[in-house]
Amino acid sequence: MNTGMTTGRKIDRLTTYLQRVGNRPRVLLRITTDDGIDGWAEIYNHGPDLAYPAIIEYIADQVAGIDASRVAYVNQLLHQSARFPQGALGLAAIAAVDHALWDIAAKSLGVPVYQLLGGAVRDRVRVYAGLYDAPDVPELRDRTAALHENHGVDAFKLSPFRRDLHRSRFGLVARELGDWFGEIRAGHPEEWEFAFDAHGCLWEPRQAVDLAAALAPNEPMFLEEPIRPEYLPAWGRIRAEMTVPLATGESLYSPNEFLGLLNVQGADIIQPDIAVVGGLTQMRKIATLAEAHDVPVAPHNPLGPLATAANVHFAAATWNFSILEYKPDDVAWCHDPYVPVDGHLELRPDRPGWGIEIDESALAHDDWVHWERKVPVRKDGSTAWM
């Protein structure tokens, strides 16, 4: 039983919905107060997604009856409700509760969430489009041109791997990347930005440095997560040896882990995921640590409209925010998502909460799709990172 003050509107019930964003499963969360205000969030799909409804049901007993405006209190309560540090599933669930409560708090006052964070420090939020693959340049030009024409987007993120990383000589992987990036630069306006996401597939620091060297002549926006996140000193080493901006953070969970990364000077740009680190409440702590180390924040966000909305409000109120990942996927349950105009997401000062509406009629039936990661296998039969 909670011991939180219950003088204001109280948390009454938590409801989950099995939905999808593009080809990925997604659990949505609605928190309803005793006076009928709803707050919404989406939960990051780490893997065993069908575990989330059970986790939320467990959390519901812990937070029932607490004043819904006590967002930071609930976030801390849920962190402390576990004897051991929360992992991926626990933090994703806590993040969803956190976001639904921020939505409620702002709606109850009739203001956007960013107004509760001290107000906006910028008028709009720049985005880059996550493309994630490595297409031939003519196909890539068609895709980037369409995104620029329709949404004004002039920054994009690609995969750096043009061949099977785990079944090829690495020198060929790096050389092909360098040649391809040169062709990309020659085929696009020189002001456009291109980043490359290696998805933590490498674990040898030397290979990360070689990958960066292949990109360097054509000035990438950043190279993201070229090695595994666990051994932080390796990040300090590769950053010292690289001549391109190094970005990472989607696989880190807590302010403590980000402080460790920053202390070894292991990143030029950090990329916490607001739906992974425990929500907006924890994301703001991480951004403050980064600002104290002169490091910008470019949030990881290959998610749907609710996660994007939470990121918009974070970015609006955070001075050292730089650029937001954006994945253009339509969903059945939100008809007014934030959509780029002139390469930016515009703030919605006249709309309370997250500034979007959820179509509850679309949630009447589960729209679930099964998805799981496929682990690659090397020539000798051993498994590899993907």
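A brief look at the structure comes next. (Residues numbered from 1 in each chain as written. Predicted model: local features only at pLDDT ≥ 70, side-chain atom pairs only at ≥ 80, totals over all residues. Heavy atoms only, no water.)

Some words on the overall build of the protein
Argument step 1. The number of helices and strands found in the protein is eleven helices and eleven strands.
Argument step 2. In terms of C-alpha radius of gyration, the protein reaches 21 Å, essentially the compact-globule figure of 21 Å for 386 residues.
Argument step 3. Along the first, second and third principal axes, the C-alpha atoms of the protein reach 65 × 45 × 40 Å.
Argument step 4. Here the protein holds 386 residues, and 54% of them are scored as buried.
Argument step 5. A separation of at least 24 residues holds for 70% of the contacts in the protein among residues at least 6 apart in sequence. (Helix = DSSP H or I, 4+ residues; strand = E, 2+ residues; numbered from the N terminus. Rg over C-alpha atoms; globule rule 2.2 N^0.38 Å. Buried < 20%, exposed > 50% of the residue type's maximum accessible area, 1.4 Å probe, protein only. Contact = heavy atoms within 4.5 Å.)

What to know about the pairing of strand β1 (residues 11-21)
Argument step 1. Pairing analysis gives ten bridges linking β1 to strand β2 (residues 24-33), with the strands arranged antiparallel. If you follow R20 over to β2, its bridge partner there is P25.
Argument step 2. Linking β1 back to β2 in an antiparallel pair, the connection comprises two residues, with G22 at a positive phi of about 60 degrees. (Pairing = 2+ DSSP bridges.)

Describing the side chain of Q207
Argument step 1. Turning to its location among the elements, Q207 is positioned in helix α7 (residues 205-215).
Argument step 2. Judged by its relative accessible area of 19%, Q207 is buried.
Argument step 3. Look past the residues within four positions of Q207 in its chain and what remains in contact with it is F170 and L202.

A closer look at the sheet that holds β2
Two modes of strand pairing occur in sheets, parallel and antiparallel, and in both the strands are linked by backbone hydrogen bonds.
Argument step 1. Strands sit in the order β1-β2-β3 across an open sheet of three strands; the sheet is antiparallel. The sheet is open, and its two borders are formed by β1 and β3 (38-43), each paired with just one other strand. Within the sheet, the average angular offset between the axes of one strand and its neighbour, ignoring direction, is 20 degrees.
Argument step 2. Together, β1, β2 and β3 form the strand contacts of helix α1 (residues 52-63), whose direction differs from that of β1 by roughly 165 degrees.
Argument step 3. Sheet strands in contact with helix α3 (residues 88-109) are β1, β2 and β3, and its direction is about 150 degrees off that of β3. (Axes fitted to C-alpha atoms, helices over the stretch in contact; angles between N-to-C directions.)

Here we look at the packing of α1 against helix α2 (residues 71-80)
Argument step 1. Running from N to C, α1 and α2 point in directions that differ by 120 degrees, and their axes come no closer than 11 Å. By the angle between their directions, the pair α1 and α2 is classed as oblique. Note on packing geometry: the crossing formed by α1 with α2 is right-handed. Where α1 approaches α2, its residues I59, Q62 and V63 are matched on the opposing element by V74, L77 and L78.
Argument step 2. For the contact of α1 with α2, the residue count by class is five nonpolar, one polar and no charged. (Parallel < 35°, antiparallel > 145°, perpendicular 65-115°, else oblique. Left-handed = near helix turned anticlockwise from the far one by under 90°. Nonpolar A, V, L, I, M, F, W, Y, C, P; charged D, E, K, R; others polar.)

Observations regarding the pattern of salt bridges
Two side chains with opposite charge may pair up if their charged atoms get near one another.
Argument step 1. Taken as a whole and judged by the stated rule, the model has 24 salt bridges.
Argument step 2. Among the salt bridges present, the one from R13 reaches D12, with a minimum N-O distance of 2.9 Å.
Argument step 3. A relative accessible area of 41% means that R13 is categorised as partly exposed.
Argument step 4. Relative accessible area serves as the criterion here: at 41%, D12 is assigned to the partly exposed category. (Salt bridge = Lys/Arg side-chain N within 4 Å of Asp/Glu carboxyl O.)

Examining the environment of I55
Argument step 1. With respect to the helices and strands, the residue I55 is situated in helix α1.
Argument step 2. Spatially, the C-alpha atoms of I55 and I94 are 9.6 Å apart, while their sequence positions differ by 39 residues.
Argument step 3. Among all residues touching I55, those that are not within four sequence positions of it are L89 and A93.

As for the nonpolar core
Argument step 1. Counting residues in hydrophobic clusters, the biggest one holds 119 residues, and the most contacted among them are L14, V97 and I270.
Argument step 2. Broken down by element, the residue count for this core peaks at eleven residues, all from α3.
Argument step 3. The contact partners of L14, leaving out residues within four places of it in the chain, are L29, R30, I31, I56, I59, A60, V63 and V97.
Argument step 4. Among the nonpolar cores identified, the runner-up in size contains nine residues, and Y128, F222, A247 and A298 belong to it. (Core = buried A, V, L, I, M, F, W, Y, C linked by side-chain atoms within 4.5 Å.)

A closer look at the packing of aromatic side chains
Argument step 1. Summed over all chains, the structure comprises six aromatic pairs.
Argument step 2. Ring-pair connections join several aromatic residues into one group, and the members of that group are F156, W192 and F194.
Argument step 3. Its guanidinium or amino end placed over the ring of Y73, R70 lies 3.9 Å from that ring's centre, counting from NZ or CZ.
Argument step 4. Its guanidinium or amino end placed over the ring of Y338, R348 lies 4.1 Å from that ring's centre, counting from NZ or CZ. (Phe/Tyr/Trp six-rings, centres within 6.5 Å; stacked < 30°, edge-to-face > 60°. Lys NZ or Arg CZ within 6 Å of the ring centre and 35° of its normal.)

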